[in-house]
Amino acid sequence: MTLRPTPPCLDLDIHDKIARVTFNNPSARNALTWPMYEELKQICDSLAKNSDIRVVIFRGAGDKAFVSGSDIQQFVDLKENEAYEVAVDHIFASLQQLPMPTIAIIEGLAVGSGLLMATACDFRISTPEARFGIPVAKTLGNCLSPSNLSWIAAHLGVPTVKKMLLTAELIKAPELLEAGYLYQLAEASEIDAAANTLAENLSTLAPITQKASKLTLARLLQSNLPDCTDLMRETYNSKDFREGVNAFLEGRPPKWIGK
């Protein structure tokens, strides 16, 4: 089965036991529009019910980015800004809670929501040149939900997450391979073969054991999360956040005032 609507969209290919999902918005480095977020949840919910699917592979269209974040235009008319992060939480949860193993193929950038998408997958294979981060302190002036922050801290470690968030630095793939975040590095010409080999190996193993193992870990990571509504509301309702959005769309550096 193959679904290929017109970009920006998600493409879905299913062949034998392996599903392949492509974030298809290459003109914007695969930035996610809200309809693409909704489409992701629909695809994940559908795949979760299909016991014939043993592995899902996610990738971005082209070689510039896995996902470069969210489409900033959608923040312009957003009224309940902190509610956006809550809504995105539910969408990420549908990816995190897929019962079968998931693989992210990463070329170019995996930043912002792209880093969150990659981290929601069970395994990550990237090119050596790929870069990862959440530079919101430099770009939009927004923040992450406690659910997403807990998830990436568990996978990357608190020091690395602080480096990403507080300095807005992008981290290169070899450093994250050494840290255990990446499963493998592969050149662009070999990355599909590497992902296919891993997928084939995963598809031969006990699916119920795989499901129980990954979903138990997911539940452990999501248990007893603090209520950070006050911090999210302060951030998303701030003048700095509005300045970040406007500056990004106007192509100029933001001027932060701490209000």
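Here's a quick rundown of the structure. (Residues numbered from 1 in each chain as written. Predicted model: local features only at pLDDT ≥ 70, side-chain atom pairs only at ≥ 80, totals over all residues. Heavy atoms only, no water.)

## A short note on the overall build of the chain
Going by this rule: Strands here mean DSSP runs of E at least two residues long; helices mean DSSP runs of H or I at least four residues long; both are numbered from the N terminus. Two things to know: the radius of gyration comes from C-alpha atoms, and the globule rule equals 2.2 Å times the number of residues to the power 0.38. Residue contacts are counted whenever heavy atoms from the two residues lie within 4.5 Å of one another. Only the protein chains shown count as covering a residue, and every accessible area follows the Shrake-Rupley method with a 1.4 Å probe. Counting rule applied: Lys, Arg positive; Asp, Glu negative; His and chain ends not counted. To locate a charge, take atom NZ for lysine, CZ for arginine, CG for aspartate or CD for glutamate.
Summing up its helical and strand segments, the chain has 10 helices and 11 strands in all. Over its C-alpha atoms the chain spans a radius of gyration of 18 Å, differing by no more than 12% from the 18 Å that the globule rule assigns to 259 residues. Projected onto the principal axes, the alpha-carbon positions of the chain cover approximately 55 × 40 × 35 Å. Here the contacts in the chain between residues at least 6 apart in sequence split such that 71% fall between residues at least 24 apart. Carbon and sulfur atoms make up 55% of the accessible area of the chain, which totals about 12,600 Å². Once the 25 positive and 30 negative side-chain charges of the chain are each reduced to a mean point, those two points are 2 Å apart.

## Digging into helix H10 (residues 239–250)
Quick note on the threshold: A helix is expected to span 1.5 Å for every residue after the first. Accessibility here uses a 1.4 Å probe with only protein chains present; expressed as a share of the type maximum, an area under 20% marks a residue as buried, one over 50% as exposed, and anything in between as partly exposed.
For H10, with 12 residues, the first-to-last C-alpha span of 16 Å sits near the 16 Å given by 1.5 Å per residue. Of the positions making up H10, those classed as buried are Asp240, Phe241, Glu243, Gly244, Val245 and Ala247. One or two residues past the end of H10 sits Gly251, with phi positive at roughly 70°.

## As for the side chain of Lys214
Note on placement: Lys214 falls in helix H8 (residues 207–222). Discounting chain neighbours no more than four positions away, the residues touching Lys214 are Gln96, Leu98, Pro99, Met100, Pro101, Thr102 and Asp122.

## What to know about the environment of Pro99
Mapped onto the elements of the fold, Pro99 is located in the loop between helix H2 (81–96) and strand E6 (102–106). Judged by relative accessible area, which is 17%, Pro99 ranks as buried. In sequence terms Pro99 and Ala212 are 113 residues apart; their C-alpha atoms lie 7.9 Å from each other.

## Thoughts on the packing of aromatic side chains
Put simply, the rule reads: Aromatic contacts are taken between Phe, Tyr and Trp rings whose centres are within 6.5 Å, Trp giving its six-membered ring; a plane angle under 30 degrees counts as stacked, one over 60 as edge-to-face, and the others as tilted. By the criterion adopted, a ring carries a charge over it if an Arg CZ or a Lys NZ lies within 6 Å of its centre and within 35 degrees of its normal.
Taken as a whole and assessed by the stated rule, the structure comprises seven aromatic pairs. Each residue in the set Phe23, Phe58 and Phe66 is aromatic and connected to the rest through ring pairs, giving one cluster. Sitting over the ring of Tyr181, Arg124 keeps its end group 4.2 Å from the ring centre.

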